[in-house]
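Each chain, written out:
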Amino acid sequence: MPLLPPYRPRAHTMSKKTGSKTTQIDRLRAEALIFPIAEFLSAGGWSTKDATQSFARAFKHSLEKQGTRHLRHIGNPTPYADIVALWIRGPRFIDQSGRPRLLPLQGRISFTTLVREACPRIDPLAALSVLTHFQNIRRTTGDKYKLISPFFRTSSTKSLAFEPMAYFLSDASDTLGRILKHKEQFKGTNIFWRKAEDSNLSEASARQFLAFSKERTLAFVNEVDEWLEAHRRPRLALSKSRKCRRVGIGVFSIFSNLEAPNSKRLRFR
C-alpha cells in the first residue's frame, strides 16, 4: 500500500441543526491509519481473521459510545492555533508587560481584528464559538474576552475536537509507516520517534512529572512554532508553488492505569 499524504479533510457535509461541518474520511486514508497497527499485529503472530474480528468488536464498541466524550467537528484546526499564537505574540494584542490583552468583540483592536489578521477566511463568530467551547478564552464582566490558554486547547469535559485528533492519528501512523517501509525517497530525512518513560514512580511523583513535562513541552513547542513562523514562505510565493512539504513535531503524555510491577505489558527495552 503506498504512503499517503498527511491527513486533510477531504469532504464536508453540513448539519442542518447545528450548521457545523462533518469531515469525511475516505477508504485510502482509513487504510493508511490502520496500516502500522496491522503491521505490528502481523509481526505478533495474528491472522487476518483474528485481526478482522478484533477490529469489528472495537468498531462496534465505539458505536456504543459508553463513557466516551462527544467528537465535535471544527474543520481545519490550524486557524485556531494561529489565532492563539498571534494573541500571545502580536505586538498589537499584548500589553506593556507582554501579556495578551483583554479584547472586545468589535473595534480597532478587538477579537474580530485578531481573527481577520490571523486567518482572513474564518468567521470571527465561528472562531469565538470554538475557542470558547474548548475553554481557550472566556468572556469577562466588561464584555471583553480573555485568553486563558497559551496554546489551542482541543478538549473540554464533555467533548473533543475531531480534526486535531484525526491529524494526530494520521501524523503518528504516517511516521510509523515511513519508518516501517523505509522507502528510498525518505532516506536521509531523519524521521524520528523518541520516548522517555519510567514505571517506578510514586503517584505524587507521577503527577509532578505531568506538570513538569507539560511546562517544558509547551516552552519547547512554542520555540519550534516561532522557528517555523520565521522560516515560513510568504503567501504569494506559496501560491505560485506547485508542491510543499509539511513538517513539525507532535508530543503526547503517558499516564497509565495503576498496574502491578510484573504486569504483562509490551515493553520495548
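Throughout this document, residue positions are counted from 1 along each chain, in the order its sequence is written. Given that the model is predicted, a residue must reach a pLDDT of at least 70 before its local features are reported, and side-chain atom pairs must reach 80 or more before they are shown or counted; all residues, however, enter totals for whole chains, interfaces and linings. Where side-chain values are given, they derive from all heavy atoms of the structure, hydrogens and water being excluded.

Participant: Would you explain the overall build of the protein in this entry?
Facilitator: Helix and strand assignments come from DSSP, with helices taken as H or I runs of at least 4 residues and strands as E runs of at least 2, each series counted from the N terminus. Helix and strand content of the protein: eight helices and seven strands. Three labels apply to residues, based on accessible area from a 1.4 Å probe with only protein chains included: buried if under 20% of the type maximum, exposed if over 50%, partly exposed otherwise in between. The proportion of buried residues among the 269 residues of the protein is 24%. The criterion used for residue contact is that any of the two residues' heavy atoms lie within 4.5 Å. Here the contacts in the protein between residues at least 6 apart in sequence split such that 58% fall between residues at least 24 apart. Calculation of accessible area relied on Shrake-Rupley with a 1.4 Å probe; when residues are assessed, cover is drawn exclusively from the protein chains displayed. Carbon and sulfur atoms make up 56% of the accessible area of the protein, which totals about 20,100 Å².

Participant: How should I be thinking about the packing of helix α4 (residues 111-118) against helix α5 (residues 124-133) in this particular structure?
Facilitator: Packed helices, taken two at a time, are described by the angle their axes make and the gap between the axes. At their nearest, the axes of α4 and α5 sit 9 Å apart, and the two run at 100 degrees to each other. Considering their axes alone, α4 and α5 lie roughly perpendicular with respect to each other. Where α4 approaches α5, its residues Phe111, Thr112, Val115 and Arg116 are matched on the opposing element by Pro124, Ala127, Leu128 and Leu131. For this classification, the nonpolar set comprises Ala, Val, Leu, Ile, Met, Phe, Trp, Tyr, Cys and Pro, the charged set comprises Asp, Glu, Lys and Arg, and every other residue, Gly included, is treated as polar. Per-class residue counts for the contact of α4 with α5 are six nonpolar, one polar and one charged. The convention used is that axes are lines fitted to C-alpha atoms, helices contributing only their stretch in contact, and that angles between N-to-C directions extend from 0 to 180 degrees. Roughly parallel covers angles under 35 degrees, roughly antiparallel covers those over 145, roughly perpendicular covers 65 to 115, and oblique covers all other angles.

Participant: Sorry if this is basic, but what is going on with the environment of Glu117 here?
Facilitator: Of note, Glu117 is situated in helix α4. For Glu117, a relative accessible area of 40% translates into the label partly exposed. The spacing of Glu117 and Leu86 is 31 residues in sequence and 8.6 Å in space, taken between C-alpha atoms.

Participant: What's the story with the nonpolar core in this structure? I'm lost.
Facilitator: The nonpolar side chains of a soluble globular protein tend to be buried, and buried together. The definition of a nonpolar core used throughout is a set of buried Ala, Val, Leu, Ile, Met, Phe, Trp, Tyr and Cys residues joined through side-chain atoms within 4.5 Å. Within the largest apolar cluster, 24 residues are counted, with the highest numbers of intra-cluster contacts made by Tyr80, Ile83, Trp87, Phe111, Leu114, Leu131 and Ile137. Of all the secondary structure elements, the ones that give two or more residues to this core are α3 (78-89), α4, α5 and β6 (144-147). No other element matches the five residues that α3 contributes to this core.

Participant: Just checking my understanding: could you explain the confidence of the model for the protein for this structure?
Facilitator: Low pLDDT means the predicted coordinates in that region are not meant to be read closely. On average, residues of the protein score 80 in pLDDT, and 80% of them are at 70 or above. Looking at any residue, its pLDDT shows the predictor's confidence there, from 0 to 100. Note on residues 1-20: pLDDT is under 50 here. Beyond four places in sequence and across chains, it has 48 contacts.

Participant: So what exactly am I meant to see when it comes to the pairing of β6 here?
Facilitator: Sheet faces and side chains relate simply in a regular strand, where the side chains alternate between the two faces. Residues Tyr145 and Leu147 point to one face of β6 and are all buried, whereas Lys144 and Lys146, pointing to the other face, are not buried. Strands are treated as partners if at least two bridges between them are detected by DSSP. Bridge count for strand β4 (residues 103-104) against β6 is two bridges, and the pairing is antiparallel. Paired with Leu103 across the strands is Tyr145, a residue of β6. By the bridge criterion, three bridges tie strand β5 (residues 137-139) to β6 in an arrangement that is antiparallel. Note on β6: the bridge partner recorded for Arg139 is Tyr145. In this antiparallel pair of consecutive strands, β5 and β6, the connection spans four residues, and Asp143 shows a positive phi of 60 degrees.

Participant: What exactly am I supposed to notice about the packing of aromatic side chains here?
Facilitator: For any two aromatic rings, the description comes down to two numbers: the centre-to-centre distance and the angle of the planes. For Phe, Tyr and Trp, rings pair up if their centres lie within 6.5 Å, where Trp contributes its six-membered ring, and each pair is then called stacked (planes under 30 degrees apart), edge-to-face (over 60) or tilted (otherwise). In the structure shown here, the tally under the stated rule is five aromatic pairs. An aromatic cluster is built from Trp87, Phe111 and Tyr145, whose rings are joined through pairwise contacts.

Participant: Even after reading the chapter, I still don't get unusual backbone geometry, so can you show me in this structure?
Facilitator: The phi angle of most residues is negative, glycine excepted, and most peptide bonds adopt the trans form. In this structure, Gln135 is a non-glycine residue whose phi angle is positive, near 60 degrees. On the secondary structure map, Gln135 appears in the loop between α5 and β5. Positive phi is not limited to glycine here, since Asp143 has a value of about 60 degrees. The topology assignment puts Asp143 in the loop between β5 and β6. Among the residues examined, Asp143 registers a relative accessible area of 46% and is labelled partly exposed.

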